[in-house]
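Residue-level structural notes
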2 protein chains.
Amino acid sequence: MPPGPSARIGIGDDSAVVNAPSGSVVAAVDMVIEGRHFLRSLSSGHDVGVKAAARNLADIAAMGAVPTALLAAVALPASLEAEWALDLASGLAAEAERAGAGVVGGDTASAESVIVTVTALGDLDGLAPVRRSGARPGEVVAVCGALGHSAAGYELLTSGDRSASPALAAAHLRPSPPYDAGPEAARLGATAMIDVSDGLLSDLGHIAAASGVAIDVERSAVLPGPEDPLSSLAGHGSFAGARILDWVLAGGEDHALAATFPPGTALPARWRVIGAVVPEGRGTVTVDGAAYPGPGGWQHFR
Amino acid sequence: MPPGPSARIGIGDDSAVVNAPSGSVVAAVDMVIEGRHFLRSLSSGHDVGVKAAARNLADIAAMGAVPTALLAAVALPASLEAEWALDLASGLAAEAERAGAGVVGGDTASAESVIVTVTALGDLDGLAPVRRSGARPGEVVAVCGALGHSAAGYELLTSGDRSASPALAAAHLRPSPPYDAGPEAARLGATAMIDVSDGLLSDLGHIAAASGVAIDVERSAVLPGPEDPLSSLAGHGSFAGARILDWVLAGGEDHALAATFPPGTALPARWRVIGAVVPEGRGTVTVDGAAYPGPGGWQHFR
């Protein structure tokens, strides 16, 4: 496993030692469980490794921090082929490297089904952490990264219609969070940030609740543009426009970053303004000023 | 859960932020699995929480570091009583606090059996990490903490003879590593260190192999003294002297700390000199100059 540029001591001793130049370490842990977060009939070992790493690395980026290292504890059925486990390790390593991090620790054991527990570490690079609680009325809400791709891909994969958009199917199997957008947002003065794991409305709800504000999302700003692979589905069989909006607003697991910025902040192009922080209705999220009638959050397999 | 004195941000945001004043963070991950590391018929939820925390916190101490925080990912059967899960959380919190740390992150999910994955973090307090690879011929080998208590306790518990020594049974259920002895050893100039998780001979073998040296253990120095609860077993039914030595040399899971020190190091009383680093026989561990004929390592339930 690649230790990455921040490891002083990687795998092989009692513990790893990882650089934390800011004098603090950012840390998050999350499990990826067979049957709940993935199905072995759809996901390769590599896919599961990428997903397990990405879920946690995105949590580091969502604080405005730079990922430095992963530790992975993997429980596998004794019947599983060794090739699958090696493929899992390669996925963890590949996504860690894509984030600029390494894999510095781990543990393995046997279990009834695959459970991959990843702890991700990061460094704030001298900046203050961006929490969920700093959003203020009058600020803009912006998103960097894909919305609804994972949910659409799941539907294509489970309906057997993967060929309708291989890009969306891949987005479900191997989410690709824009890690460097997290520290970028912190430097731009983001007042609150979260990664979109449960669904846009649900996760903006976490910011709204923690900040004691409300958020209004502009429907026209979240509809997929012509270059978005979701647009290619609009005229495809059963995939009507309303369902695409559901995926965008309620589909999770893309691990886009959603953040609030002071009004007038000059945002790079990849940060799309999708709404505003409003004072009325603490903890609520509306779409064009009204409650959204569709689903409010992505449901896991069970 | 108690965030502990080192947490800047605890549970509730995308990630935790933990102080790392030395500019690096020490990190270790380990799983505790039902049927392998504990049996629910013998261990309470609190016991399992203590054991899961202690295994990982001892890995931090074994680098010479001060524990700062835990993150815990807990998979539980849906049929488990809520009381058991709360008891587990109380055990994690209690052992974290005993080590001076807190609980700053977590995740929960359902699984066929109980799997507790803990990541422990620590700080080196400005000292260099104590690795396994620094032992040199002529140095002394010393141990701080119990040896063989967990193995003896396991045998008492599974034979139904817990009353022969409640203290040893408790040592198996709730190991009690001497965390502060890790930084103490680092300040005293320890050249190599490990926590005794697999068994004394096996773990000293890791130091010997990593350092390219051999270690000789003095039998008379590891035999339990009169105040050691193991001594009370010597005349008790089937527990003969030879088995007690097996427990001391090969029983694991006590998480004592074993370290090597330059000759002449003035060691505090709790560090017992038990042997020496010798040049001949790289990677081997002997007892009174000869291979030990008993078991070489503690075997898990399966």
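Here is what the cut-offs are and how they apply
- Residues numbered from 1 in each chain as written.
- Chains lettered and ligands numbered in written order.
- Predicted model: local features only at pLDDT ≥ 70, side-chain atom pairs only at ≥ 80, totals over all residues.
- Heavy atoms only, no water.
- Buried < 20%, exposed > 50% of the residue type's maximum accessible area, 1.4 Å probe, protein only.
- Helix = DSSP H or I, 4+ residues; strand = E, 2+ residues; numbered from the N terminus.
- Contact = heavy atoms within 4.5 Å.
- Least-squares fit on C-alpha atoms with pLDDT ≥ 70 in both.
- Pairing = 2+ DSSP bridges.
- Axes fitted to C-alpha atoms, helices over the stretch in contact; angles between N-to-C directions.
- pLDDT = per-residue confidence, 0-100.

**Some words on helix α4 (residues 166-173) of chain A**
Along α4 of chain A, the positions that sit buried rather than exposed are L168, A169, A171, H172 and L173 of chain A. The inward-facing, buried residues of α4 of chain A contact α1 (45-61) and α3 (149-158) of chain A.

**Notes on the relation of the copies chain B and chain A**
Laying chain B over chain A is done by rotating through 180 degrees and shifting 0.0 Å along the axis; what remains is an RMSD of 0.0 Å. The superposition of one copy onto the other is thereby described by a two-fold rotation axis. Across chain B, the rotation axis passes nearest the C-alpha of G23 of chain B, at a separation of 2.5 Å.

**Description of unusual backbone geometry**
Look at D125 of chain A: it is not a glycine, yet its phi comes out positive at around 55 degrees. Taking the relative accessible area as the measure of exposure, D125 of chain A reaches 54% and is therefore exposed. Phi is positive for E253 of chain B, close to 70 degrees, though the residue is something other than glycine. For E253 of chain B, the position within the fold is in the loop between α8 (241-250) and β10 (257-261). Using a relative accessible area of 3% as the deciding quantity, one classes E253 of chain B as buried.

**Here we look at the sheet that holds strand β1 (residues 7-9) of chain A**
The 6 strands lie next to each other as β1(A)-β2(A)-β3(B)-β6(B)-β4(B)-β5(B), forming an open sheet whose pairing is mixed. Edge strands, defined here as strands with exactly one partner in the open sheet, are β1 of chain A together with β5 (102-110) of chain B. Across this sheet, the average inter-strand angle for adjacent strands is 25 degrees, counted without regard to direction. Alignment of β1 of chain A against strand β2 (residues 16-19) of chain A, held across 2 bridges, turns out to be antiparallel. Following the sheet pairing, I9 of chain A is matched in β2 of chain A by V17 of chain A. Contacting β3 (24-33), β4 (66-76) and β6 (115-123) of chain B, helix α1 (residues 45-61) of chain B crosses the sheet at an angle of about 145 degrees to β3 of chain B. Lying over the sheet, helix α2 (residues 82-98) of chain B contacts β4, β5 and β6 of chain B, oriented at roughly 165 degrees with respect to β4 of chain B.

**Examining the confidence of the model for chain A**
All names here are of chain A. Averaged over all residues, the pLDDT of chain A equals 93, while 95% of them reach at least 70. Ignoring residues within four places in sequence, the model shows residues 297-302, a span with pLDDT below 50, making 23 contacts including any to other chains. Reported confidence for the predicted complex is 0.94 by ipTM and 0.95 by pTM.

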